[in-house]
Amino acid sequence: MVEQASRAQFVTFLEKEGLRIDSLIEGAVELAEEVHSGLVREDGKSLFLETHTWPVAMDMVRHYKASGRSITGVEVASAILHDVMEDDERILNLYNAKSYGFDAYLRYRFGSRVHKIASELKIKPLENFPGATAEDKVRARFWDYCDLLWKADYDVKAIKLADRLNNMDFISKVAGHPKWKRYVREAEDFYLAYAMIPPKMPEYYKRMRSSYEELKSLVKVVTV
C-alpha cells in the first residue's frame, strides 16, 4: 500500500512526532507546494506532493526516531526539498526571473546544509554524460550518481533510500510500466548493497528487498 498524506496530515504527523514546525519546515513546505503543485505521478492521477513529497519526509522521520538519532528542522526540510533541484524545466523556470537564480535562493533561504543535501540528491542532466546512445548516457549517469551516494553522509543516504522505496512501491502499482525493469536492475546493481554498507540501515534493506522481489516477480510475469 502506497502511503498518502495531505499537507495537514503531514504537519499533524510532525507535531505528533514531537517536532516543532519552525521557519525552515514552514518554508520548505511552501516551496515544495510552489514547485510541485499540480504534478502527478506515473499513473497520471496521483498527486506528487501527497504520494511522494510528504510520505518520503514522514518515512525519513520515522527512520530517525526508530534509530534513536536526533532530528531537527534541517533534516526535515532537506527531506521535503529532496526533489526541488531535479532537472525539470518547469521547476527551474519558476525562478528564472530571480537575478540570483534558484540555486542561490535555496542556499540563502534554507542554509548551506539543506542546499548541500538537495544538491547531492539532484539527478544531473543526461547531456552531461558520455555515450554513443541514450542508454549509454543513462548508464554513465547512474554510475556517477552511485559514486556520489556511496560517499554521502547519513542524511543523504536516509533520504535517498526513503525516496527510492517510495518510487519502487508506487511504480509496482502502475501496470506494465517500463520503470519496473530499471528499478529491478538498479536495486541489484546498487541499492540493496547500499542499504547494507556503513552506516547500515537494516530496516531499509528489509523493505528494499521486499520491494525488489515484488517488482522482479512482476517483470517475470510480463516477460514470460
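Above this text sits the structure in question.
Residues numbered from 1 in each chain as written. Predicted model: local features only at pLDDT ≥ 70, side-chain atom pairs only at ≥ 80, totals over all residues. Heavy atoms only, no water.

Q: Where do I start with the overall build of the protein chain in this structure?
A: A count of helices and strands for the protein chain gives 10 helices and 0 strands. Along the protein chain, helices (α) and strands (β) appear in the sequence α-α-α-α-α-α-α-α-α-α when read from the amino end. Taking 2.2 N^0.38 as the reference for a compact globule, 224 residues should give roughly 17 Å; the C-alpha atoms of the protein chain span a radius of gyration of 17 Å, in line with that estimate. Here the C-alpha coordinates of the protein chain stretch approximately 50 × 40 × 35 Å along the principal axes. (Helix = DSSP H or I, 4+ residues; strand = E, 2+ residues; numbered from the N terminus. Rg over C-alpha atoms; globule rule 2.2 N^0.38 Å.)

Q: So what exactly am I meant to see when it comes to the pattern of salt bridges here?
A: Where side chains of opposite charge bring their charged atoms close, a pairing between them can arise. The tally for this structure, following the rule as stated, stands at 17 salt bridges. In this structure, Lys173 engages Glu214 in a salt bridge whose closest nitrogen and oxygen atoms are separated by 3.7 Å. Of this pair, Lys173 sits in the loop between α8 (154-171) and α9 (179-196) while Glu214 sits in helix α10 (residues 202-223), and the two are 41 residues apart along the sequence. What you see here is one network of salt bridges that share partners, running through Arg41, Glu42 and Lys179. (Salt bridge = Lys/Arg side-chain N within 4 Å of Asp/Glu carboxyl O.)

Q: Please explain helix α7 (residues 134-151) as it appears in this structure.
A: Three- or four-residue spacings in an α-helix give side chains the same orientation, since the helix completes a turn every 3.6 residues. With 18 residues, α7 extends 26 Å from end C-alpha to end C-alpha; this agrees with the ideal 26 Å at 1.5 Å per step. The complete set of buried residues in α7 reads Phe142, Tyr145, Cys146 and Leu149. What you see down the axis of α7 is that its buried residues fit within an arc of 105 degrees, all on one side. (Expected span 1.5 Å × (residues − 1). Buried < 20%, exposed > 50% of the residue type's maximum accessible area, 1.4 Å probe, protein only. Arc of directions from axis to C-beta.)

Q: What is the right way to look at the packing of α8 against α9 in this model?
A: Relative orientation and spacing of two packed helices are given, respectively, by the angle between their axes and the distance between those axes. Running from N to C, α8 and α9 point in directions that differ by 150 degrees, and their axes come no closer than 11 Å. Viewed along their axes, α8 and α9 adopt a mutual orientation that is roughly antiparallel. Seen along the crossing, α8 lies across α9 with a hand that is left-handed. Across from Lys157, Lys160, Leu161, Arg164, Asn167, Met168 and Ile171 in α8, the residues of α9 making contact are Lys179, Trp180, Arg182, Tyr183, Glu186, Ala187, Tyr191, Tyr194 and Ala195. Residue composition of the contact of α8 with α9, grouped by class: 9 nonpolar, 1 polar and 6 charged. (Axes fitted to C-alpha atoms, helices over the stretch in contact; angles between N-to-C directions. Parallel < 35°, antiparallel > 145°, perpendicular 65-115°, else oblique. Left-handed = near helix turned anticlockwise from the far one by under 90°. Contact = heavy atoms within 4.5 Å. Nonpolar A, V, L, I, M, F, W, Y, C, P; charged D, E, K, R; others polar.)

Q: Explain the nonpolar core here, please?
A: Looking at soluble globular proteins, one finds that nonpolar side chains tend to be buried together. By size, the foremost hydrophobic cluster in this structure holds 69 residues, and its most contacted members are Ile80, Leu81 and Tyr191. Element by element, the count of residues in this core is highest for α8, at 10 residues. When neighbours within four sequence positions are excluded, Ile80 is seen to be in contact with Phe10, Ile25, Ala28, Val29, Ala32, Thr53, Trp54 and Ala57. (Core = buried A, V, L, I, M, F, W, Y, C linked by side-chain atoms within 4.5 Å.)

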